[in-house]
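# Geometric and topological summary
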Amino acid sequence: MQQAKITHLYQSLQQSVNRRAEHTALFFEGHKYSYNQLNHNVNLSSACLKESFNLVKGDVIVLALGNRPEFCSLFYAAMALGIIVVPLSTKLKSQDSHIILSSVNAKAVFYDPNSQPWMATLEPVKQNHVVSLADWQLMLSNADDQKVIHPVEPAAIVADDIAAIIYTSGTTGSPKGAALTHGNFIAAVTAYQQALKLTEQDSAILPIPICHITGLSALLCLFIHLGGTLHLQQRFNAEEILKTVSSHNITFLHGSPTVFILLLQEAEKYPQAASYASLRMIACGAGHLNVGIIERLAQLFPTTEIRPIYGLTETSSPASIFPIDVRSSDKIGSSGLPIPGLSCQIRDDNHQVLAAGEIGHLWLKGPVVMSQYWKNPAANQQFFHDGWFYTGDIACLDQDNYLYIKDRSKDMINRGGEKIYCIEVENLISNYPGVKEIAIVPSSSEIYGEEAVAFIVAHRNKPLVSDNITHWLSNKIAKFKIPSKIVFAAELPKNANGKIDKLALRQKLTPPV
């Protein structure tokens, strides 16, 4: 039987409730929540949102609850009512989040005082509309006891209505709010479903923050749409992830390179300790998946497909997906093919479209691209042009339309007029024996303007020598690309999205004034 066309996220949930009512939707700290139970909690939540806070379509709420079932039910209750959700990291401090809270004009904030007790005294929100996790749980319990909850009467929602505003990590300045529509999310989950051939039989773990685009779109919204099972992990725990994969027969993992580096590190402590035969696929986004990591993942998960993904908060998660197991492809190093419906152009500095194989600025246009940066006309003018979105990435498309991300435009190093693409050098050094993590950043040079500096984290018990690495590189890349300096570090700084914080590394190279 042909399914009705899904245009918004509440419809997506209801489709799975109707098909998979008793199937487990969420698994959290030993508790199972069926699709019926999740739907019941969504009904409770929507009733409380309407009756206690008088919220209507177009209002904004902030969810700072972390990876909990309460976040999930509140999110879908908001989707039913046409309320816009701003997911907020539970790691943010008061000053960090002030710019976000003041710009969205939230009508209600839901928070966990164990993580952010200062939210109890928020100024931009009505005091009785700032709700702790415990108070919200009590409200739901009281509403449930009254037995007056009826199915949600959804608002009249169309695909172009904004569903969520997700703030970028802001490594290049103040964070910008990507306003994502219901249509954006539906296009994203449909792309993942089709490209990765995921079904209702699949299960996954959500070990990364649900407030980020991968957690929200590529895991929560995707698996609810599928009718699959999602295991919520409140805080990242590599040991627990590997145990869950083995004991619960998890079929799918999606995370950043950092996630998989930590899993590899944990697995090395207990060789042959568990079987991961159920894991049929790994998807890796939020950063470049270099060859070294791919090879190590292949050793740990020998029967698991590895699919690199390129995407952005501004594309609702996916932009390109590798169509097959990357290990069996001669396109290794690529981020795959643009998802269906997404147009990609590589342009020069004068906005002229470049031919296949030429390197330039990546522009995107399609149903997953956000509608706007929230209340930020300057950013909208800077990043949108004639319906196209400028990603800020340097890339090329080959003759088969495979996308290769060369660098962030802000990270590209100009050494005396010669361009160094950091990802290329990082990918190469990752193959050097003993290298665990690598990041290339520019350092000022009186002669060349800029030169490359490598920050390297070595594997345990595998001491590295910079001269040996430099000599090894001399036979593989042009001399101007070889880092002028190699710095060994115990770890590399990460931003809130789990990406290597290159700004922090640059600051380490800047002498104090």
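Small disclaimer: the values here were computed from a predicted structure and weren't measured.

Before going further, it helps to spend a moment on the state of the cysteines. Summed over all chains, the structure comprises zero disulfides. For the unlinked cysteine Cys 344, the closest cysteine sulfur is that of Cys 396, found at 12 Å. Residue Cys 422 stays outside any disulfide, its sulfur separated by 16 Å from that of Cys 396, the closest cysteine. Judged by relative accessible area, which is 0%, Cys 422 ranks as buried.

A few words now on unusual backbone geometry. Phi is positive for Asn 54, close to 55 degrees, though the residue is something other than glycine. The backbone of Asn 249 shows a phi angle near 55 degrees, a positive value even though the residue is not glycine. Counting through the fold element by element, Asn 249 comes out in the loop between helix H8 (238-247) and strand S11 (252-255). Owing to a relative accessible area of 48%, Asn 249 belongs among the partly exposed residues under this scheme.

Within the secondary structure, Ile 306 sits in strand S13 (residues 305-310). Accessibility expressed as a relative area gives 1% for Ile 306, which makes it buried. Separated by 17 residues in the primary sequence, Ile 306 and Leu 289 have C-alpha atoms spaced 9.9 Å apart.

Okay, the pairing of strand S17 (residues 360-365) next. Counted residue by residue, S17 has five buried out of six residues, so it is predominantly covered. Bridging between strand S16 (residues 343-347) and S17 involves five bridges; their strand directions are antiparallel. Bridge pairing in S17 links Ile 346 to Leu 362. The pairing of S17 with strand S20 (residues 388-397) spans four bridges and is antiparallel. By the bridge assignment, His 361 is partnered in S20 with Ile 394.

Picture the strands of a sheet paired through backbone hydrogen bonds; they go either parallel or antiparallel. The mixed open sheet is built from three strands, whose spatial order is S24-S25-S26. A single partner strand is all that each edge strand has here, and the edge strands are strand S24 (435-445) and strand S26 (485-488). Taken pair by pair, the neighbouring strands of this sheet meet at an average axis angle of 25 degrees, ignoring direction. The pairing of S24 with strand S25 (residues 449-458) spans ten bridges and is classified as antiparallel. Note on S25: the bridge partner recorded for Ser 444 is Glu 450. Across the sheet, helix H13 (residues 466-474) is in contact with S25 and S26; its angle to S26 comes to roughly 135 degrees.

Close contact between helix H1 (residues 9-19) and helix H7 (residues 213-226) brings their axes to 7 Å; oriented N to C, the two are set at 45 degrees. Relative to H7, the element H1 lies oblique. Contacts between H1 and H7 involve Leu 9, Ser 12, Leu 13, Gln 15, Ser 16 and Arg 19 on the former and, on the latter, Cys 221, Ile 224, His 225 and Leu 226. Among the residues forming the contact of H1 with H7, the class breakdown is five nonpolar, four polar and one charged.

Another aspect to go through is the packing of aromatic side chains. The description of an aromatic ring pair rests on the distance of the ring centres and on the angle between the ring planes. Summed over all chains, the structure comprises 14 aromatic pairs. Seen in terms of ring centroids, Phe 383 and Tyr 390 are 6.1 Å apart; in terms of plane orientation they differ by 15 degrees. Their pairing is stacked. Pair check on accessibility: Phe 383 and Tyr 390 agree, each one buried. Centroid distance Tyr 432 to Trp 472: 5.1 Å. Interplanar angle 75 degrees. Geometry classified as edge-to-face. Linking Tyr 432 in the loop between helix H12 (422-429) and S24 with Trp 472 in helix H13, this pair joins segments that are 40 residues apart in sequence. Assessed through its relative accessible area of 23%, Trp 472 is described here as partly exposed. Among the aromatic side chains, those forming a connected cluster through ring pairs are Trp 363, Tyr 373, Phe 383, Phe 384, Phe 389 and Tyr 390. In this structure, Lys 176 packs its charged tip against the face of Tyr 373, placed 5.5 Å from the ring centre. Note that Arg 347 overlies the ring of Trp 363, its terminal NZ or CZ placed 4.4 Å from the centroid.

Attention now goes to the pairing of S11. In S11, alternate side chains face the same way, and those of Phe 252 and His 254 on one face and Leu 253 and Gly 255 on the other are all buried. Pairing analysis gives four bridges linking S11 to strand S12 (residues 281-284), with the strands arranged parallel. Residue Phe 252 lies in a different strand from S12, and its bridge partner there is Met 281.

To continue, consider the side chain of Lys 502. Tracing the sequence through the fold places Lys 502 in helix H14 (residues 502-509). On the accessibility criterion, Lys 502 (13% relative accessible area) is buried.

Opposite charge on two side chains makes pairing possible when the charged atoms of those side chains draw close. Across all of its chains, the model carries 17 salt bridges by this definition. Its salt-bridge partner being Lys 107, residue Asp 59 comes within 3.1 Å of it at the nearest N-O pair. Here the residue Asp 59 occupies a position in the loop between helix H2 (35-53) and strand S3 (60-64), and Lys 107 occupies one in the loop between helix H4 (94-104) and strand S5 (108-111), the gap between them amounting to 48 residues. Look at Lys 107 and you get partly exposed, because its relative accessible area is 35%.

Counting residues in each nonpolar core, the largest one holds 127 residues, and the members touching the most others are Leu 49, Phe 75, Phe 110 and Leu 220. Counting 21 residues, the second largest nonpolar core, distinct from the first, contains Val 60, Ile 84, Leu 92 and Trp 374.

Calculation notes
- Residues numbered from 1 in each chain as written.
- Predicted model: local features only at pLDDT ≥ 70, side-chain atom pairs only at ≥ 80, totals over all residues.
- Heavy atoms only, no water.
- Disulfide = S-S within 2.5 Å.
- Buried < 20%, exposed > 50% of the residue type's maximum accessible area, 1.4 Å probe, protein only.
- Helix = DSSP H or I, 4+ residues; strand = E, 2+ residues; numbered from the N terminus.
- Pairing = 2+ DSSP bridges.
- Axes fitted to C-alpha atoms, helices over the stretch in contact; angles between N-to-C directions.
- Contact = heavy atoms within 4.5 Å.
- Parallel < 35°, antiparallel > 145°, perpendicular 65-115°, else oblique.
- Nonpolar A, V, L, I, M, F, W, Y, C, P; charged D, E, K, R; others polar.
- Phe/Tyr/Trp six-rings, centres within 6.5 Å; stacked < 30°, edge-to-face > 60°.
- Lys NZ or Arg CZ within 6 Å of the ring centre and 35° of its normal.
- Salt bridge = Lys/Arg side-chain N within 4 Å of Asp/Glu carboxyl O.
- Core = buried A, V, L, I, M, F, W, Y, C linked by side-chain atoms within 4.5 Å.

So far we have only geometry, and geometry alone does not tell us how the molecule works.
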